[in-house]
Amino acid sequence: MKKIILAYSGGLDTSICVKWLTEKGYDVIAVLADLGQKANFELLKKRAISAGAKKVYISDLKKEFIEDFILPTLKVEGVYEDYLLATALGRPLIAKEIVKIAHQEKASYVAHGCTGKGNDQVRFELSWKILDPCLEVIAPLREWKFKTREEEIEYAKKNGIALDFKKSVYSIDENLWGVSIECGDLEDPWNEPSANVWQITSLNYALKPAYLEIYFDKGIPVKLNNKKITTQELIIKLNKIGGKYAVGRKDLIEDRIVGIKSRELYEAPAAEILYKAHHCLETLTLDKQTLDFKHLISLKYGGLIYNGLWFCEFKKALDKFVDSTQEKICGTVRIKLSAGNCEIVGKKSKYSLYKKELATYHRPIGGKDSKPDCCQASFDQKAAEGFIKILGTPYEKSNIKNQISKI
Ligand code: ARG
């Protein structure tokens, strides 16, 4: 028998994949990846067995997800069209785990339960191509004949697959870094999401604002309110508290890799808070050139993740550059949460490039009455005259030709 390793989520589609692949003559080994989503893994394992899986792995990938995927992306502040990439970031890690198990099990086939219209098929398959191009990919959803969810349910029932999950009209993907929600009435962009669509956030205008302080060391958040905390605990806490203020909610129209526009809701309270906090600290400690360039990298890197190129060499090179910019991203950020809002209301760092004595307008520097002090030494206001003169030279010249421009 041909062994196949299936990325199994436990939902209707992948449960049917197990049975369908079995009927096609494969020995199915299902892999359940724990990326911090709410799930009863033992129950899902039973479901996979009931669908015909020969073996089920439950892989706890949370630590790797945080250290090798979430934190590097936070340092880059990777983003795609305003989406903070939770689902997109999880896929390459699941793909990597599938390859690991395929090698362990000496399997030559791998499978996913993604639709032919979506992004995730691309992410799985490009990752597999990079990690082991010899693996053969089977994508049942691009091949089988089921057209509706009802047809799938009927097939599941006929084949004794334990389908005790509640029927949801939405397609929901969740991990530690965020939740993605699509389908159902959301497919009409005119429809406002009903309050019960949201999974981990709620909006309560009566709630009093809350303050948090996060300390970063070399670009990594390591303390909450002055207490050391693991990244995992921090993310869980921020999702909880940020979720109460509906922080990190987004309702986006995005451009899928396959050229289709789609509407998706996102909830990522922890990611939203940490991105904002991290960025604020960077504005305080990085010079303008690095900040400008990092902004370009954030878009480029976000695009790589979205487009399924997590494992490409270029991404590794970007990581090295970004790491080299994080040495001085150390300091504390004070955050105020209020209904639907996350504001940075305070920031400090021992590496701050902000100098109050330079920035202030209050002291008459360089005037007749001012005493010589460090401010005068570091910023000569009189020199600004020459600075502007030279800066304006090209514009002055063009104005001579056209006489005085019309105002
Ligand atoms: N649009 C997001 C992405 O491409 C999420 C896709 C999965 N969404 C879902 N609700 N199952 O990363």
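What counts as what
- Residues numbered from 1 in each chain as written.
- Predicted model: local features only at pLDDT ≥ 70, side-chain atom pairs only at ≥ 80, totals over all residues.
- Heavy atoms only, no water.
- Core = buried A, V, L, I, M, F, W, Y, C linked by side-chain atoms within 4.5 Å.
- Buried < 20%, exposed > 50% of the residue type's maximum accessible area, 1.4 Å probe, protein only.
- Helix = DSSP H or I, 4+ residues; strand = E, 2+ residues; numbered from the N terminus.
- Contact = heavy atoms within 4.5 Å.
- Near = heavy atom within 4 Å.
- Polar contact = N/O pair within 3.5 Å; in protein donor to acceptor, adjacent residues only side chain to side chain.
- Areas by Shrake-Rupley, 256 points an atom, 1.4 Å probe, with all protein chains shown as cover.
- Patch = residues over 30% accessible without salt bridge, like charges linked within 9 Å, V, L, I, M, F, W, Y side chains within 5 Å.
- Salt bridge = Lys/Arg side-chain N within 4 Å of Asp/Glu carboxyl O.
- Pairing = 2+ DSSP bridges.
- Axes fitted to C-alpha atoms, helices over the stretch in contact; angles between N-to-C directions.
- Right-handed = clockwise from strand over helix to strand, strands pointing away.
- Expected span 1.5 Å × (residues − 1).

Draft legend 1. Region of interest: the nonpolar core. Ranked by size, the top nonpolar core spans 77 residues in total, and within it Ile5, Phe65, Trp177, Leu274 and Ile335 carry the most contacts. Here this core takes 10 residues from helix 4 (residues 86–105), the largest share from any one element. With residues near it in sequence (within four places) discarded, tryptophan 177 still touches Phe65, Ile70, Leu84, Ala86, Leu89, Ile235, Ala268, Ala270, Ala271, Leu274 and Tyr275. Listed in part, the 28 residues of the second largest apolar core include Val28, Ala111, Ala156 and Ile161.

Draft legend 2. Representation of the site of the ligand within the structure. Taken together, 15 residues form the shell around the ligand, and within it Tyr83, Asn119, Arg123, Ser171 and Glu254 come nearest. Between the ligand and glutamate 254 there is a distance of 2.7 Å, counted from a nitrogen atom to a side-chain nitrogen or oxygen. Tyrosine 266 places a polar side-chain atom, nitrogen or oxygen, 2.9 Å from a nitrogen atom of the ligand. Calculation on the ligand without its partners gives an accessible area of 350 Å², and the protein chains cover 92% of this total. Counting residues per element, the ones that place at least two in the shell around the ligand are helix 4, helix 5 (120–131), strand 6 (171–175), strand 7 (178–182) and strand 12 (261–267).

Draft legend 3. Fine view of a nonpolar patch on the surface. Taken together, the side chains of Phe293, Leu296 and Phe321 define a hydrophobic patch exposed on the protein surface, amounting to about 280 Å² of accessible area. For phenylalanine 321, the position within the fold is in helix 11 (residues 313–325). The exposure class of phenylalanine 321 is partly exposed, given its relative accessible area of 31%.

Draft legend 4. Up close: the side chain of arginine 91. Counting through the fold element by element, arginine 91 comes out in helix 4. The exposure class of arginine 91 is buried, given its relative accessible area of 14%. Apart from the residues lying within four places of it in its own chain, the contact partners of arginine 91 are Asp120, Arg123, Phe124 and Asp173.

Draft legend 5. Summary view of the sheet that holds strand 11 (residues 249–255). Across the sheet, which stays open at both edges, the 4 strands sit in the order 6-7-12-11 with antiparallel pairing between neighbours. Only two strands of the sheet have a single neighbouring strand rather than two, namely strand 6 and strand 11. The sheet shows a mean angle of 25 degrees between the axes of neighbouring strands, direction not considered. Summarising the sheet, strand 6 and strand 7 pair through 5 bridges and their orientation is antiparallel. The partner of aspartate 173 across the bridge, within strand 7, is serine 180.

Draft legend 6. Quick peek at the pairing of strand 2 (residues 26–34). Of all 9 residues in strand 2, 9 are buried; the element is thus mostly enclosed. Judged by which residues are buried, strand 2 turns out to be covered on both faces: Tyr26, Val28, Ala30, Leu32 and Asp34 on one side and Asp27, Ile29, Val31 and Ala33 on the other are all buried. With helix 1 (residues 12–23) bridging strand 1 (residues 2–7) and its parallel neighbour strand 2, the resulting β-α-β unit is right-handed. Looking at chain direction, strand 2 and strand 3 (residues 55–60) are connected through 6 bridges and run parallel.

Draft legend 7. Main features of the environment of tyrosine 275. Structurally, tyrosine 275 is set in helix 9 (residues 269–285). The exposure class of tyrosine 275 is buried, given its relative accessible area of 9%. Linking tyrosine 275 and isoleucine 130, residues 145 residues apart in sequence, is a C-alpha distance of 29 Å. Beyond its immediate chain neighbours, meaning those up to four positions away, tyrosine 275 contacts Thr73, Leu74, Glu77, Gly78, Leu84 and Trp177.

Draft legend 8. Summary view of helix 4. Taking 1.5 Å as the rise per residue, helix 4 with 20 residues should run 28 Å; its terminal C-alpha atoms sit 29 Å apart, in good agreement. Phi turns positive, to about 55 degrees, at lysine 106, one or two residues after helix 4.

Draft legend 9. Representation of the sheet that holds strand 8 (residues 210–217) in the model. What the 5 strands build is an open sheet, ordered 10-9-8-13-14; its pairing is antiparallel. A single partner strand is all that each edge strand has here, and the edge strands are strand 10 (227–228) and strand 14 (341–348). In the sheet, strand 13 (residues 331–338) pairs with strand 14 via 7 bridges, with the strands oriented antiparallel. Bridging across to strand 14, serine 338 finds its partner in asparagine 341.

Draft legend 10. Expanded view of the side chain of aspartate 34. Here aspartate 34 shows up in strand 2. Aspartate 34 gets classed as buried once you look at its relative accessible area, which sits at 11%. Once you skip the residues sitting within four places of it in the chain, aspartate 34 turns out to touch Phe41, Ser59, Asp60, Leu61 and Lys62.

As far as function goes, none of this settles anything; it's purely spatial.
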